Amino acid sequence: MSGERGAALLEILVALAITAMLAGAAAGMLGMGLTTLDRAGAAAARGADALALRRDLGAMLTRLSAGPEAASGGEEAFRWRGAAPDGAGGWRVGFWRLGEELALERCDSLEGPCAAEREPRGAARFAYAGPDGEWRPDWPPGPAPALIRVTTEGGEMIFAPRVAGAAR
């Protein structure tokens, strides 16, 4: 009888060891699966944020006012007289500044002080292409630039602004 008890105890210990190894492997696979789901969710959120940013910037940059002193820009900020989204699906007309943190600000004038309307959305740099196609860090003299480039952490966006309804 004592021999049977010993064999049963040994079998239980082997079964417990195998169960522990299987549980460890299952936990590892579950952890990898959850990490993959987290990464996929974060990538989807970044993609949705980038798409929303592109839509907002594109909408703003197609509503530039025509005429001298209607817009100005440098590498770290861009100002214009025109419309900007109000966040409720509508548009507000005035003077606006889009800064290096991509925070939209309402301004008193093209040169005047500005107050933040939206939270910053990440670092950005601006560049402007004149009629010759060369990129410059500052707004070119004369008519609005043919293209406006916004470089962010997520990549680069290039817009062809419309001035007074005409695509440039």
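Owing to the predicted nature of the structure, the values given are computational and were not obtained by experimental measurement.

Caption draft 1: Seen up close, the pattern of salt bridges. Following the criterion strictly, the structure yields three salt bridges and no others. Notably, a salt bridge pairs E105 with R97, separated by 2.8 Å at the nearest N-O pair. Measuring nitrogen to oxygen at the nearest pair gives 3.8 Å for the salt bridge that ties R149 to E156. Accessibility expressed as a relative area gives 48% for E156, which makes it partly exposed.

Caption draft 2: Examining the state of the cysteines more closely. Enumeration according to the criterion identifies one disulfide in this entry. The residue that forms a disulfide with C107 is C114, at a sulfur-sulfur distance of 1.9 Å. Every disulfide takes its handedness from the sign of the S-S torsion; for C107 and C114 that torsion is 95 degrees, giving right-handed.

Caption draft 3: Molecular detail of the sheet that holds strand β9 (residues 155-159). Read across the open sheet, the four strands follow the order β7-β6-β8-β9; overall the sheet is antiparallel. Whereas interior strands pair on both sides, the edge strands pair on one side only; in this sheet they are β7 (135-136) and β9. Sheet topology places strand β6 (residues 124-129) next to β7; two bridges connect them, and they run antiparallel. Counterpart to Y128 in the pairing with β7 is R136.

Caption draft 4: Expanded view of unusual backbone geometry. The residue L102 is not glycine, and still its phi comes out positive at about 55 degrees. Topologically, L102 is positioned in the loop between β3 (91-99) and β4 (104-107). Note on L102: relative accessible area 4%, which makes it buried.

Caption draft 5: Up close: the pairing of β3. When strand β2 (residues 77-85) meets β3, the two strands line up antiparallel, connected through nine bridges. Bridge pairing links G82 to G94 in β3. Both β3 and β4 contribute to a ladder of four bridges, which runs antiparallel. Within the sheet, the bridge partner assigned to R97 lies in β4 and is E105. In this antiparallel pair of consecutive strands, β3 and β4, the connection spans four residues, and L102 shows a positive phi of 55 degrees.

Caption draft 6: Region of interest: the confidence of the model for the protein chain. The predicted model of the protein chain has a mean per-residue pLDDT of 78, with 84% of residues at 70 or higher. Mean pLDDT values over the elements of the protein chain span from 38, in strand β11 (residues 166-167), up to 90, in β7. Note on residues 163-168: pLDDT under 50 across the span, and 15 contacts to partners over four residues away in sequence or across chains.

Caption draft 7: Geometry of the environment of G47. Mapping G47 onto the fold places it in helix α1 (residues 2-61). On the basis of relative accessibility, which here comes to 41%, the residue G47 falls in the partly exposed class. Here the alpha-carbon distance between G47 and G154, two residues 107 residues apart in the chain, equals 9.1 Å.

Caption draft 8: Representation of the sheet that holds β4 in the model. Reading across from one edge, β1-β2-β3-β4-β5 is the order of the five strands in this open sheet, with antiparallel pairing throughout. The open sheet is flanked by β1 (71-73) and β5 (114-116), the only strands paired with a single partner. Going across the sheet, the axis of each strand differs from the next one's by a mean of 40 degrees, ignoring polarity. One ladder, built from three bridges, connects β4 with β5; its direction is antiparallel. Counted as the bridge partner of E105 is A116 from β5.

Each value, and the rule that gives it
Residues numbered from 1 in each chain as written. Predicted model: local features only at pLDDT ≥ 70, side-chain atom pairs only at ≥ 80, totals over all residues. Heavy atoms only, no water. Salt bridge = Lys/Arg side-chain N within 4 Å of Asp/Glu carboxyl O. Buried < 20%, exposed > 50% of the residue type's maximum accessible area, 1.4 Å probe, protein only. Disulfide = S-S within 2.5 Å. Pairing = 2+ DSSP bridges. Helix = DSSP H or I, 4+ residues; strand = E, 2+ residues; numbered from the N terminus. pLDDT = per-residue confidence, 0-100. Contact = heavy atoms within 4.5 Å. Axes fitted to C-alpha atoms, helices over the stretch in contact; angles between N-to-C directions.

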